[in-house]
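Results of the structural survey
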Amino acid sequence: MSEPSCQGILPYIKPGWVGVEIGVQWGISALALLEHGARFLYLIDPWENYAGYADPSPYWNSLHDDILLECKDRLKKYEDRHYAILRMYSSEAHVFVPTVDFVWIDGNHSYHYVKEDCENYWPKVRVGGVLCGHDYDTTGPSEVRDAVDDFARERGLLVKTTPSCFFIKRQT
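Below or above, wherever it landed, is the structure these notes cover. (Residues numbered from 1 in each chain as written. Predicted model: local features only at pLDDT ≥ 70, side-chain atom pairs only at ≥ 80, totals over all residues. Heavy atoms only, no water.)

Turning our attention to the overall build of the protein. Along the protein, the regular secondary structure elements total 6 helices and 7 strands. Listing each helix as α and each strand as β along the protein from the N terminus yields β-α-β-α-α-β-α-β-α-β-α-β-β. For a compact globule of 172 residues, the expected C-alpha radius of gyration is about 16 Å, and the protein comes in at 15 Å, within 12% of that figure. Principal-axis analysis of the C-alpha atoms places the extent of the protein at approximately 40 × 35 × 30 Å. (Helix = DSSP H or I, 4+ residues; strand = E, 2+ residues; numbered from the N terminus. Rg over C-alpha atoms; globule rule 2.2 N^0.38 Å.)

Here it is in structure tokens:
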């Protein structure tokens, strides 16, 4: 199994916290967050191709259900009480999510989707919690970085980074 994409932000996620993961796919980061001590996770992913999907090839259409099954198998020991799968788009799921301690964004990496996720889920993060995500590339062009930076600048927020990850701590 590959290293979870959330590895860089684990030091900023406290055991016992409740969180959201947007873009679950195989469940590798979800497992790392649960093993790190997350008390509960809302796992949001449509597990389907859609307009704007990074790789819309028919190959993925046939695999999404299998990927979801592998994700559930990977998380099996936590299934009774530690997570809920919301198989829908993050733009729809936010209305079902209560206030949480953290939101991990690793879904569609296009500017529009990243910015929309930041806007929809920032109000869900409690004071002292964090909005964080993956693929915040500081070495070249990055739609993720541009969306996060624009979101933060519009609200006067400070973006901190680890290699390939970003996090914004909610102060107020």
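Of all 5 residues that make up strand β2 (residues 40–44), 5 are buried, and the element is covered over most of its length. Residues Phe40, Tyr42 and Ile44 of β2 are buried on one face, and the alternating residues Leu41 and Leu43, pointing to the opposite face, are buried as well. Two elements, strand β1 (residues 18–22) and β2, share 5 bridges in a ladder whose sense is parallel. By the bridge assignment for β2, Val18 is matched with Phe40. In this fold, β1 hands off to helix α1 (residues 28–36), which returns the chain to β2; that crossover is right-handed. Here 4 bridges tie β2 to strand β3 (residues 83–86), and the two strands are oriented parallel to one another. Looking across to β3, one finds that Leu41 is bridged to Tyr83. (Buried < 20%, exposed > 50% of the residue type's maximum accessible area, 1.4 Å probe, protein only. Pairing = 2+ DSSP bridges. Right-handed = clockwise from strand over helix to strand, strands pointing away.)

Moving on: the packing of aromatic side chains. In the structure shown here, the tally under the stated rule is 5 aromatic pairs. On the numbers, 5.0 Å between centres and 70° between planes, the contact of Phe40 with Tyr42 is edge-to-face. Classification of Tyr42 as buried rests on a relative accessible area of 16%. Seen in terms of ring centroids, Trp122 and Phe151 are 6.1 Å apart; in terms of plane orientation they differ by 75°. Their pairing is edge-to-face. In this pair, Trp122 is assigned in the loop between α5 (111–121) and β5 (125–134) and Phe151 in helix α6 (residues 143–155), connecting sequence segments 29 residues apart. (Phe/Tyr/Trp six-rings, centres within 6.5 Å; stacked < 30°, edge-to-face > 60°.)

Looking at the secondary structure, you find Ser29 in helix α1. Residues within four places of Ser29 in sequence aside, it is in contact with Pro4, Ser5, Cys6, Glu21 and Trp104. (Contact = heavy atoms within 4.5 Å.)

Per the counting criterion, the structure on display carries 9 salt bridges. Among the ionic pairs, Asp65 bridges to Arg87, the shortest N-O distance being 2.8 Å. Separated by 22 residues along the polypeptide, Asp65 in helix α3 (residues 64–74) and Arg87 in the loop between β3 and α4 (90–93) bring together distant segments of the chain. For Asp65, a relative accessible area of 47% gives the class partly exposed. Residue classification places Arg87 among the partly exposed residues on the basis of a relative accessible area of 38%. Between Asp150 and Arg153 there is a salt bridge, with its nearest N and O atoms 2.2 Å apart. (Salt bridge = Lys/Arg side-chain N within 4 Å of Asp/Glu carboxyl O.)

The values are spatial; any link to function lies outside them.
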